[in-house]
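Chain and residue survey
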Amino acid sequence: MVRDMQRYLRPGLTSTPFCPGCGHGILMGLILRAIDQLELNMDEMLFVSGIGCAAWIPSPHFNADTLHILHGRAIPAATGAKMFNPQLRVVVVSGDGDLADIGGNHLIHAARRNMDLTVICASNMIYGMTGGQVSSTTSVGAFTHTTTQGNPYQPFDLCQIVIAAGATYVARYSVTQPFALMASIKKALQTHGFCFIEVLSPCPTQYGRHNQLDTPADMIKDLMDRCITRSKAKDLSPEELKGKIVTGEFASGAN
């Protein structure tokens, strides 16, 4: 972290727990840069996370109030904090397994109530920390520790799920799209209502190892090849879109 950003990190930290090539460190930096550019007061913010690799992004790294809660329970804990103190800016940062699998019902009901929360889901399309199991965002055909012949099931489109439930702002970007992703985080932090950003983040240790993506560079290239913007996707046929991941804003509510 560059020197002028170190004030956002807790004193005494010398390293992060992320594996080499993990995208969560990129996401952590982009969240802090978004906060810095908006000149937000971290003393007026609460960061909530569940269990998993992505849950380590705010806790213990951010020099702010953080709540590291039970697996799948980040959103209800964040909801309680927001209801107790409506002036608090509450941000949830956790993974796809935590938010969409184990915490899936909490996710859709918070969107249905349009709770004033910013939820950032770091999706590596696998259970990264707990053994490499299949998750609800794992692509069809992808290999995991529990789908050794390839995942036979369609993954959730998390953005479409929370839109259908009633979310105000919804977007999806990859860590390979840093400027667009940071702009999306800034917009979500300034939008009232339930804001959800799915962030695609490479996991070389689990997803890459199981799917013949042997190096972090291979995983980054794979994401860059698969991600396609909404404007480009609209001109492609279903056959051309097969295997692609559409990125961009899907719902952009007013402040």
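Thresholds, definitions, all that
Residues numbered from 1 in each chain as written. Predicted model: local features only at pLDDT ≥ 70, side-chain atom pairs only at ≥ 80, totals over all residues. Heavy atoms only, no water. Phe/Tyr/Trp six-rings, centres within 6.5 Å; stacked < 30°, edge-to-face > 60°. Helix = DSSP H or I, 4+ residues; strand = E, 2+ residues; numbered from the N terminus. Buried < 20%, exposed > 50% of the residue type's maximum accessible area, 1.4 Å probe, protein only. Disulfide = S-S within 2.5 Å. Axes fitted to C-alpha atoms, helices over the stretch in contact; angles between N-to-C directions. Parallel < 35°, antiparallel > 145°, perpendicular 65-115°, else oblique. Contact = heavy atoms within 4.5 Å. Nonpolar A, V, L, I, M, F, W, Y, C, P; charged D, E, K, R; others polar. Pairing = 2+ DSSP bridges.

Turning our eyes to something else, we now look at the packing of aromatic side chains. Applying the stated rule across the entire model yields 1 aromatic pair. Consider the rings of Phe47 and Phe62, whose centres lie 4.9 Å apart with planes at 85°: the pair is edge-to-face. Note that Phe47 is positioned in strand E1 (residues 45–49) and Phe62 in the loop between E1 and strand E2 (65–68), a separation of 15 residues in sequence. Each member of the pair Phe47 and Phe62 is classed as buried.

For the rest of this paragraph, the subject is unusual backbone geometry. Each neighbour pair has its own omega, and for Ser59 with Pro60 the value is 20°, a cis peptide bond. On the secondary structure map, Pro60 appears in the loop between E1 and E2. Even without a glycine there, the phi angle at Asn114 is positive, about 55°. Unusually for a residue other than glycine, Met125 sits at a positive phi of about 65°. Along the chain, Met125 turns up in the loop between strand E4 (118–123) and helix H5 (158–165). Taking relative accessible area as the criterion, Met125 reaches 8% and is therefore assigned buried.

Another point: the state of the cysteines. With the rule as written, the count across this model stands at 0 disulfides. Free of any disulfide, Cys53 has its nearest cysteine sulfur in Cys203, 6.2 Å distant. Judged by its relative accessible area of 8%, Cys203 falls in the buried class.

Here we take up the packing of helix H4 (residues 104–112) against H5. Contact geometry of H4 with H5 gives a least axis separation of 7 Å together with a crossing angle of 45°. On the basis of the axis angle, H4 is oblique to H5. Here Leu107, Ile108, Ala111 and Arg112 of H4 come into contact with H5, specifically with Ile161, Val162 and Ala165. Of the residues that constitute the contact of H4 with H5, the class distribution is 6 nonpolar, no polar and 1 charged.

Spatial strand order, E2-E1-E3-E4-E6-E5-E8-E7: 8 strands in an open sheet with mixed pairing. Looking at strand neighbours, the two that pair on one side only are E2 and strand E7 (227–229), the edges of this open sheet. Strand-to-strand twist in this sheet, taken as the mean axis angle between neighbours without regard to direction, amounts to 20°. Two strands pair when backbone bridges link them, and strand E5 (residues 169–174) and strand E8 (residues 245–252) are joined in this way by 4 bridges, in the antiparallel orientation. The residue bridging Ala171 from the neighbouring strand is Glu249, located in E8.

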